[in-house]
Every structure is written in structure tokens, then in C-alpha cells.
Amino acid sequence: MKLKKQVTVCGAAIFCVAVFSLYLMLDRVQHDPARQQSGGNFPRSQISVLQNRIEQLEQLLEENHEIISHIKDSVLELTAHAEGQPALPRHTPNGSWVLPPESRPSFLSVSPQDCQFALGSKGQSPDLQMLAVYSLLPFDNQDGGVWKQGFDITYEPNEWDTEPLQVFVVPHSHNDPGWIKTFDKYYYDQTQHILNSMVLKMQEDPRRRFIWSEISFFSKWWDNISAQKRAAVRRLVGNGQLEMVTGGWVMPDEANSHYFAMIDQLIEGHQWLEKNIDTDSSTDIFCHMMPFYSYDVPHTCGPDPKICCQFDFKRLPGGRINCPWKVPPRAITDANVAERAQLLLDQYRKKSKLYRSKVLLVPLGDDFRYDKPQEWDAQFLNYQRIFDFLNSQPNLHVQAQFGTLSDYFDALYKKVGIVPGMKPPGFPVLSGDFFSYADREDHYWTGYYTSRPFYKSLDRVLEAHLRGAEILFSLALAHARRAGAEGKYPLSDYALLSNARRNLGLFQHHDAITGTAKEAVAVDYGVRLLHSLMNLKHIIINAAHYLVLGDKDTYHHDPAAPFLSTDDTRPSQDSLPERTVVKLDISPRFLVVFNPLEQERLSVVRVLVNSPHVRVLSEEGQPLPAQLSTRWGSATDTVPDVYQVSVLARLPALGLRVLQLHKSFDSHSMLQSSVRLYLPGHDLPVRRQEPVPVRVLPASTEDICLENQHLRACFSARSGLLQSIRRAGEEREQRVNSEFLVYGTRTSKDKSGAYLFLPDGEAKPYAPKDSPVVRVTEGPLFSEVASYYQHVQTVVRLYNVPGVEGLSLDVSCLVDIRDHINKELALRFSTDIESEDTFFTDLNGFQIQPRRYQRKLPLQANFYPMPTMAYIQDTQNRLTLHTAQALGVSSLSSGQLEVILDRRLMQDDNRGLGQGLKDNKRTRNRFRILLERRTTASKAQDGRPISFPSLLSHITSMHLNTEALVMPVAQEKPAPLALRSFMPLSTALPCDFHILNLRMLQAEQDESLPSAEAALILHRKGFDCSLEAKNLGFNCTTSQGKLALGSLFQGLELGSLQPTSLTLMYPLGTASNSTNIHLDPMEIATFRIRLG
């Protein structure tokens, strides 16, 4: 009670300080002569004076904001450790549940300066915006002659007389880490032979060049070669003959990958290179476009593939492959070199006409090329003869040679006369992207945005576990080292962590996460992902075990009998998780709950138990609000002797919370759910389970509505599907009508497959055999509507809690279309939002890209990737669909959002895979629907080619993608002496900051062990302030990008802090004694730190 009075007093103090500060500001602006204009005549009227005063007022508001922020921090500290337990809900006479007001204050305090970024007032305007380009292009698919997608290219013979053409031919071999064969099979059959031959053949002539990209393959080869061969490789890299390009673990897919995983695989590749090759590195954003149909040899020397194919010397007569254009290559001899060189030069010249300089890049390679010594000889010897001839003819005005990417870009920078890395004059800046892509006709590659959604979902589960394991392992190891207990800690976990990084990295490959590999290869990826997921759960368990022990001296790691159990298990790589059931007995069972978010969260934590007689207590023994519900195995059957307990718990940022489960017949704090089952026309047997009441009713025509303090959501009782949402304080409901749809595929020769989406027209309504069973569960902490259809079970849940979880609808769709033939299942939301032809999708979870429905393009061209979110909006409302897995999305009509849930296709789509998509799994797709009110929007502002989520939207996405992990203390363990919740952060992070990773770096000598250093990767998010942020019920303060890292980690000292490049390849500036940092909005910054 005393504390509540303190909080009230502090709250009143804040209000008084704010009002008084504002009064002082206005008073100072009016009466302080120093702040007035120096002249007395105001020759340009009083507007300039007014403008000056507004600027002064803004400055004072900023000062005031900082003062209030400090006071709020003080209030938070006062209340952080006090009465932190959420109060129990109460049942009102009208049958609804009401939550008492929060015992702690909540703030949304955003600096006005932090809102400027989303308004687009800073930054360079692009010369080319792809949305504008799309509106200009006719997309009329004209026949371009030999260059089918292009046009005839002509030139004057004397164009290079004053400035010769420089040609760099870049030999390469594109090695897929899994596609038709598994990663290992490709390595043993082809890749090792490519790299072995490379070492031999490159040393035969110093003019030869080769580039390599995939470090996953290169590192496997490196582990199997001699020290002598390694030394030869280092020499080739050192003298510029061999160049590592991009140097990631794989070449990642650009549509479905999340930016955490993209950066992580880049770090993994770069760290491997730094440790093993020890080479110079550089990064640049200067781009080169490949203009023709493909990256293979026939489509890279120039516009005519019939001619270019004649210069792919692997296709010489007598080989296994030939030229489809029926004109074979000819070996270069003294007799034909003049004619052959002239023919090739004509293609080089035509290609160069598409670029802004006289420097030309010509790739020379294809998938798994150079796997036999004969091909090395055929390509390098024949091309060298052509180069020697061209370079010996001054009248041709050409200089041709083998090159690397660095050779090409260095020559280009030299040609335009500037230092590498600077923006070259005369080259345009482009913004936007190149989705969606068609390689010919209307064959749009929009199917793979959804293909194999089961593995797309598993990818994100592994990603969340990897980030959580990295952070918890780093913190546990730092605390163990500080306590001198490093010898007791299982350092062998680092090798498992490293392996998980590499398996997640491997899956980012552009034939893995895309769902476009052979079925056996997909299984191989799945086994790797599952293996690493299980290992990461054990790493988290080991770290949590150490960190929650009150007495660290009692820590003992026993791999045969872990202290904690995992939250769930997966029997096989293609099965959904089965949650752990906690068995209650006389002594209390303890739970350790891990919150991987850097923000404190008030969450409903779900646990399965074997008895309905249960109480949930905090570690201090205080009762916590909990809701009891039955576990349903099907539409009408409960699972015997399994109950779900949903606990409202406050979880510390990046921390561990200890809870107790007691078997108890005193159910004071256990609040029961009630269930209504609406059965369609025919009778179905219902298996009930005491003590949760279940009422069985016939199908109803009335709406079902769920309500909390923020939202009211209404559903059709007949379909069980969402119909409308109404926000608190608004009279009008917003129509949000959901329905399932089915796309077929064409009857013509070309049909949908793993890559392509070629529908047979608009989607048709999903028409199941039977009407659904609809189940309504209502309770104090959450209520939900579940509908059971033949091919999809959907659950829409509304949490009755303050803060983020209660501000949106949680949606789960369990999809099983294994009996479909050439069908794709879609979920469409239809609203009254006047979005017209515009919608927004994210790129890799990092930024938002506006999209426009193009009526001049076919339906399939208007689908886009959605890794984390998509939204539609008008000047009043924004509706965001958040997703926990990458899927394809579109808005085919004003007010609509539509997502493809799964696709089952019986045939190959002729893009090399040779299979359809017939290995569908039962897949759970998870979403959140967030409806926000816009307060300061305008049509002009919405027409700009940038957009940002709100802070609430960012945090909602994080909650969906980063679930709390519940780890029961193993049953056979005796009751521990003392378990303490672990709170690693001493202060709350600004809520626009995201700790992307805290990643232990590997030891110098032994890569299976961690070093004393870690990489701290921070991302400051860009956000839109124009969405209403009243009564959000969670704490959120921004700091204009400032963060004090020195005091961030409680109980640990920051020994060193060195800003580095994104992947730690080189330092940025000198290490400073200051531990205060600053990030701009959207910036990702990496720091090499030492914690201890």
C-alpha cells in the first residue's frame, strides 16, 4: 500500500513538472530578450519572429522531454521490484472478465526528433524509384529478336577509337549447397573436384582468375586438404588470382530470408575467412546489373545466345552437353582466331552499349562448372588465345583479360577518376526492389514465396532459438568467468552453437528456404534444422540452469540428466512440436521462463499439466492469475488427463523468471475457462473433461463476440471466422471479414510448380464437404474461437491482458492439404479500408516496401514476399497482418489482404527441379492482426515510396516471432535450495533499439571454443509516429539514438568496446574509453566487446 502511494506521488510529480516546465518555456520565450530577434523593425513582418519562437519552443520541448524521461526512469526503478505481480481478474455480473488496473505506471514517451525520420525529411532522393519505373513500363512482352526480352543493339565501329573497351572475363562456378542433390552429395560428386583442380590450374598461368562465393562448401573442402594446398590457396588469394566474393556461408534467397539469418550467415562466412585465409576485405554498394536471360555462358557475353554459346568451350563437339542453337563451339587456332575473336568482340561491344562506361564485365561459368581438369584447359587456353589476339590488334581498341570482381570495379573507378568506394559521378541512385520476377512470358516466380511453408516456419523457430541461445550463452559464460567458474561451465556447448549457426545459414540458400529443392534434399535440410533446434534448447537449458541458481557454487553440469526439461519435443523433422506435460505431485514443480526480448513483457505463459488441481505462485510464493482450460485433441475430443494452465507473468528483459506449480485443491487463483461447442447439423460425440464446463449447442446464426479492454472482435457462429473488429472508445466496427479461398492451376502445358504461380483465374471460395465445428472458449486471461474445417483448423485468440499482447488478435491456421491436387489454399481479409491499389510488404523483416496492384499485369505478378508483415491503410486506419513465417501476399482489391497458406502441385514447372510439390506436411501458420488508428496521415504523405511500422507494430512482430520458452525443472531433481529470477539488464533499453545478437566469437587457436570477446549487434528501428499511441499499457521511451552500454548489463563490466564493420572484418575508428554510443534510425551497428 505504501508503495502505491509512492507511485501516485511520483506520477503527480511528473504531471506537475511537465505543466510547470511548459509554463516556464512559454514565459522565457515571451520575456527573455536574449531569445528575441536583434532588430526592432521586423522588415519581413512578424512571420520570421514567429518561426524563431517555434524553433525555440521545439528546443525547449526537447529539453523538457529529457527531464521527464529521467523522472520516468526514476519512477520505473522505484516500482520495478515492487508489487510486480499482476492482480487477479474478477468476474462481473454480466458474465465478462475485468482486469484490475495495472499496479505499475506505463509510459509511451517518444522524443519529437525521433518522429522526424519516418517523415522522410533527411536522406538522399533516389534518381530511380522502382514503383515509378513499374508504372512507366508497358510490360507488353514484345519479341526482342535474338535478345528475346530486349531489343536490337547497334553501334558505330569507331566508338572506341579514343577510349578503348576494357573487358574482364570472370570465370566462376555456381555451387548450390543443396538442390537436386544434398549438400554432402554435391560436395563429394563435384565441388571438391572443382576446388582441387582450381589450385592446380590457377598456378599454371598467373593471368588466370577465379571467383568463389559459398564458404559452406569451401570450409568443408579446407578441412580435408593438406597444409601445402592451404598455403597455395593463400598465395592465390594474396596475388589476386582467387577472390572470395560476398563470402557468406551461402548465397541467400532474397525473398523469404529474415535479416537476422542473412547477417548471421554473412558473419559466419566472414569470420571463417578471417580465421583461415586472413585476407584484406572491403565492402561497396556500387552495383552491376546482368541484362540478359541467365547467368550461364550463352547469356552473358552479349545479346545473342546463339553466338555466346559458341564460346562456351565445355560444349566442344564430343562432350556431354552441346548448344541448343545447333552451332557448336570451335577450338581456337591460329587459322580461325581472327574470325572467332571478331565475332566475340561484336557481342562484347553490343553488351557494353547498355552501360555507362567503357569497362565491361563478362561472367564465364554456370552451375557446378570446372569440375574436371579438361574444362579448365578448354576454357582458359581457348580464351587466352582470343585475348592475346585482341590485345595485339591496336585497331580493335580493346583490352581483354581474365578478371575478378575487384579487377572490374577497380578499373571502373579508375575510368571515372575517383577513389574506390566513393559515389561515381553520373551513376544513378536506385531505390525499391525487383520483385516480382518473371523470366519469360507471364511466368512469374511468385509461388516460391509460399512453397513448403512447414520448413519456412521451422526456419524461424530455429532462428529465434539461435538468437536466444547466443545471448543466454554469452551472459552465462560472462557471469561464470567473472565468478571464476569457467571450468565448471560446459564450453562444449560452443561447438553446438557454431553448428547451429551453420545449419541455419545453410538453410538461407536460395533453393532451401525457398522450398525449391528435391524432396530428399528437403528432408536433409529438415534433419539438420531439427538437430540444431534440439541442441539449441540444451544450450539454453544449460545457461538458464547456471543463471537461476541462487548459489552458483552448487552448479553441476550433468549432460545425462539435465537440470531443466525442454518446453517441447519434435519426434521427427517433419512433425509439429509436442508440448511437454508437467507432472504434478506433492512437492512443488518449478518452471524457468526465458524471455528472449530486450523489453520486459507481460505475457500469458502456457503450460500443460496432468491435473486440474493446480496453483501457480511466483518465486516469492505470491499467487499469480492463471486460467485453466482443457487440451483438445480434435474438434470434439479433449485429451485425457492433460490440462492447459495459462499464467499471466511479468518477464524481465532477456531474463529468466522462476515460477512454482503446486498441486492444490484450493483453486483461489485458478480461474476456469468455459467452452461452447457449436455442432453442425449431424450429431457428433463429445468427450468432456472435468472440471471445465462444456456446453454443446446447435450451429447458430448469431455472431460470437470476444472483448477485452482494447478490442471487441466478432465472428460468424456458423463459420467461426472473423467478421469485424472494434477498438475501445469507437462506436463503429471495422469490417475485417476473413475467408478461405482456393486457387487452381492452368490446364495448358505450363502449370504452377515449386517456383511458378500460374493460376487458372481468380480464387474460388473454399467449399469443404461438411460445415465446421466451432468452439468458443472464454476465460479471464484469454478467449478464443476455433473452427475445424476439413483442410484447415483456425484459432483466433484475444488476450485479456494489459499491453502488447492484448492489442492485437492472435491467429493460428493448422493446414493439411495432402489430399488436394493442384490446389493452393489462401486466407483473405476484406475490410472497408480505402487502400485503393496500394499495399505494403516487408523486405526481409528489415524495411517496408510500398506495392501497387498493377492491372496491366496478370494476377500472379501482384504477389510479393512477406517475411514478417504486410499492411493496408487509408487516412484513418491501418490493418497489419504480422506473420511468424515467410509466405506470399497480395492485395487484389481495395481493402483486401490475402496470404497463400500452402500449395500442393503435381508437376514440375520446367525450371530445373524435375519435381512437383507433393511432400506437404501438417503446417501451423501463425499471425497477428493489428488494427491501428492513424492520427496525422495525408494522401500526399502516403504517396511517398517509403513507409514504416509503428513502435507498437514492431513490438507486436517481436512478440509473435520471439515466444517465451518455458522450461520445467526436471521432475527427478530434488527441490532446489534457491532459484532466483535472472535480470541481466540494469536499465530498460529504448524501445526503438533491438539487440539483434550477442554472439560469442571463437577462440584464436580452437574454433570449437569461445574467446573472451563477443559481437554485440544493435539495430535501431525506424518507426511511424502517426499512429495513435494512447493507453497502450506498456513502457516505451526513445532516446534520440543514444545508449549507455557501459552500465547496461547488471553485474558485468564492459571491458572493451570497439565499433566494427557489420561482420567484424575491420574496425571502424579507434577504440574509445567512452561506452556511450549513438545509432541513426534503421542503422545496424556491430561492436566487438569484452564482458566480465
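What you see is a predicted model, and the numbers here were worked out from it, not measured in a lab. (Residues numbered from 1 in each chain as written. Predicted model: local features only at pLDDT ≥ 70, side-chain atom pairs only at ≥ 80, totals over all residues. Heavy atoms only, no water.)

Quick look at the overall build of the chain now. Counting secondary structure elements, the chain contains 16 helices and 48 strands. In the chain, which comprises 1092 residues, the proportion classed as buried is 57%. Taking the contacts inside the chain whose residues are at least 6 apart along the sequence as the reference set, 75% of them involve residues at least 24 apart. Total accessible area computed for the chain in this model is approximately 45,100 Å², and 52% of it derives from carbon and sulfur atoms. (Helix = DSSP H or I, 4+ residues; strand = E, 2+ residues; numbered from the N terminus. Buried < 20%, exposed > 50% of the residue type's maximum accessible area, 1.4 Å probe, protein only. Contact = heavy atoms within 4.5 Å. Areas by Shrake-Rupley, 256 points an atom, 1.4 Å probe, with all protein chains shown as cover.)

This paragraph deals with the sheet that holds strand S21 (residues 674–679). Ordered in space as S22-S21-S28-S29-S30-S31-S40-S37-S36-S33-S34, the 11 strands form an open sheet in which the pairing is mixed. The strands lining the two open edges of the sheet, one partner per strand, are strand S22 (694–698) and strand S34 (847–852). The average undirected angle you get between the axes of adjacent strands in this sheet is 20 degrees. For S21 and strand S28 (residues 773–778), the ladder comprises 5 bridges, and the chain directions are antiparallel. Following the sheet pairing, leucine 677 is matched in S28 by arginine 775. Contacts from helix H16 (residues 951–961) reach strand S36 (869–873), strand S37 (877–883) and strand S40 (923–933) within the one sheet, and its direction differs from that of S40 by about 160 degrees. (Pairing = 2+ DSSP bridges. Axes fitted to C-alpha atoms, helices over the stretch in contact; angles between N-to-C directions.)

To continue, consider helix H6 (residues 227–238). Think of an α-helix as 3.6 residues a turn; residues three or four steps apart then line up on the same face. Taking 1.5 Å of rise per residue, the 12 residues of H6 would be expected to cover 16 Å, and the 16 Å separating its terminal C-alpha atoms lies within 8% of that figure. For H6, the complete set of buried residues consists of Ala232, Val233, Leu236 and Val237. Across the axial projection of H6, the buried residues extend over an arc of 140 degrees, all falling on one side. Residues of H6 that are exposed and angled more than 90 degrees away from the buried face: Ala227, Gln228, Arg235 and Gly238. Where H6 ends, the next residue or the one after it, glycine 240, has phi of about 85 degrees, a positive value. (Expected span 1.5 Å × (residues − 1). Arc of directions from axis to C-beta.)

Here helix H4 (residues 183–202) crosses helix H10 (residues 373–391) at 45 degrees, and the two axes come no closer than 9 Å. As judged from the angle between their axes, H4 and H10 are oblique. H10 is crossed by H4, and the crossing has right-handed handedness. Where H4 approaches H10, its residues Ile194, Ser197, Met198, Lys201 and Met202 are matched on the opposing element by Pro373, Trp376 and Asp377. Taken together, the residues that form the contact of H4 with H10 break down as 5 nonpolar, 1 polar and 2 charged. (Parallel < 35°, antiparallel > 145°, perpendicular 65-115°, else oblique. Left-handed = near helix turned anticlockwise from the far one by under 90°. Nonpolar A, V, L, I, M, F, W, Y, C, P; charged D, E, K, R; others polar.)

On to a nonpolar patch on the surface, then. Taken together, the side chains of Leu128, Met289, Leu430 and Phe434 define a hydrophobic patch exposed on the protein surface, amounting to about 370 Å² of accessible area. As for its placement among the helices and strands, leucine 128 is situated in strand S4 (residues 128–129). With a relative accessible area of 35%, leucine 128 lands in the partly exposed category. (Patch = residues over 30% accessible without salt bridge, like charges linked within 9 Å, V, L, I, M, F, W, Y side chains within 5 Å. Salt bridge = Lys/Arg side-chain N within 4 Å of Asp/Glu carboxyl O.)

Turning to the pattern of salt bridges, a few remarks are in order. Should their charged atoms come close, side chains of opposite charge can pair. Tallying each qualifying case throughout the model produces 56 salt bridges. Two residues, aspartate 919 and arginine 452, come together in a salt bridge whose shortest N-O distance is 2.9 Å. Separated by 467 residues along the polypeptide, aspartate 919 in the loop between strand S39 (896–904) and S40 and arginine 452 in the loop between strand S10 (430–431) and helix H12 (453–482) bring together distant segments of the chain. Here aspartate 919 and arginine 452 have matching classes, each one buried. Overlapping salt bridges, with partners in common, bring together Asp312, Lys314, Arg315, Arg369 and Glu375 in one network.

By the definition in use, this model includes 5 disulfides. Each sulfur of the disulfide joining cysteine 309 and cysteine 323 lies 2.1 Å from the other. Judged by the sign of its S-S torsion, about -100 degrees, the bond between cysteine 309 and cysteine 323 is left-handed. Highlighted residues: cysteine 309 in the loop between helix H8 (305–308) and helix H9 (337–352) and cysteine 323 in the loop between H8 and H9, separated in sequence by 14 residues. Disulfide partner of cysteine 991: cysteine 1036, at an S-S distance of 1.8 Å. Every disulfide takes its handedness from the sign of the S-S torsion; for cysteine 991 and cysteine 1036 that torsion is 55 degrees, giving right-handed. A residue pair is termed long-range when its members are at least 10 positions apart, and cysteine 991 in the loop between strand S41 (965–968) and strand S42 (993–1002) and cysteine 1036 in strand S44 (residues 1036–1037) qualify at 45 residues. The exposure classification of cysteine 991 matches that of cysteine 1036, with both residues buried. Sequential numbering of the bridged cysteines in the chain gives the disulfide pattern 1-9, 2-3, 4-5, 6-7, 8-10. (Disulfide = S-S within 2.5 Å.)

Let us now look at the environment of leucine 1057. With respect to the helices and strands, leucine 1057 occurs in strand S46 (residues 1054–1060). By relative accessible area, leucine 1057 is classed as buried at 8%. Excluding its chain neighbours within four sequence positions, the residues that come into contact with leucine 1057 are Leu1045, Ala1071, Ser1072, Ser1074, Thr1075, Ile1077, Phe1087, Arg1088 and Ile1089.

Given two aromatic rings, their pairing is described by the distance between the two centres and the angle made by the two planes. Within this structure, the stated rule accounts for 49 aromatic pairs. Above the plane of the ring of phenylalanine 782 lies arginine 797, whose end atom (NZ or CZ) is 4.9 Å from the centre. Note that arginine 878 overlies the ring of tyrosine 871, its terminal NZ or CZ placed 4.1 Å from the centroid. (Phe/Tyr/Trp six-rings, centres within 6.5 Å; stacked < 30°, edge-to-face > 60°. Lys NZ or Arg CZ within 6 Å of the ring centre and 35° of its normal.)

With that settled, consider the side chain of serine 532. As for its position among the elements, serine 532 is in helix H14 (residues 519–548). Of the residues examined, serine 532 reaches a relative accessible area of 0% and is grouped as buried. Polar contacts involving the side chain of serine 532 include one to the side chain of asparagine 503, which spans 2.9 Å. Setting aside residues no more than four positions away along its own chain, serine 532 makes contact with Leu462, Asn499, Ala500 and Asn503. (Polar contact = N/O pair within 3.5 Å; in protein donor to acceptor, adjacent residues only side chain to side chain.)

Ranked by size, the top nonpolar core spans 208 residues in total, and within it Met198, Phe218, Leu242, Tyr348 and Leu656 carry the most contacts. The contact partners of leucine 242, leaving out residues within four places of it in the chain, are Met198, Phe210, Trp212, Phe218, Val233, Leu236 and Val237. By size, the runner-up hydrophobic cluster in this structure holds 31 residues, among which are Leu591, Val614, Val616 and Ala626. (Core = buried A, V, L, I, M, F, W, Y, C linked by side-chain atoms within 4.5 Å.)

Okay, the sheet that holds strand S15 (residues 601–609) next. Ordered in space as S13-S15-S18-S17-S20, the 5 strands form an open sheet in which the pairing is mixed. Looking along the sheet, the strands with just one partner apiece sit at the ends: strand S13 (581–582) and strand S20 (670–672). One ladder, built from 9 bridges, connects S15 with strand S18 (residues 638–651); its direction is antiparallel. When the sheet's bridge partners are listed, valine 609 is paired in S18 with tyrosine 643.

All right, on to unusual backbone geometry then. Of note, the amide linkage connecting phenylalanine 435 to serine 436 takes the cis form, showing an omega dihedral of -5 degrees. Within the secondary structure layout, serine 436 lies in the loop between S10 and H12. At leucine 654, a position not held by glycine, the phi torsion is positive, near 55 degrees. Along the chain, leucine 654 falls in the loop between S18 and strand S19 (656–663).

A separate point is the environment of tyrosine 134. Among the secondary structure elements, tyrosine 134 is positioned in helix H3 (residues 130–136). Judged by relative accessible area, which is 14%, tyrosine 134 ranks as buried. C-alpha of tyrosine 134 to C-alpha of glutamine 854: the two residues are 720 residues apart in sequence and 8.4 Å apart in space. If we skip the residues at most four places from it in the chain, tyrosine 134 touches Phe139, Asp433, Phe434, Phe435, Gln854 and Lys856.

Within a regular beta strand, the side chains point alternately toward one face of the sheet and then the other, so they alternate between its two faces. Across the 6 residues of strand S14 (residues 589–594), 6 count as buried, placing the element largely inside the fold. Neither face of S14 is open: one carries Arg589, Leu591 and Val593, the other Phe590, Val592 and Phe594, and all of them are buried. With 6 bridges joining them, S14 and S19 adopt antiparallel strand pairing. Across the sheet, valine 593 pairs through a bridge with arginine 657, a residue of S19. Both S14 and S41 contribute to a ladder of 4 bridges, which runs antiparallel. Residue leucine 591 lies in a different strand from S41, and its bridge partner there is proline 968.

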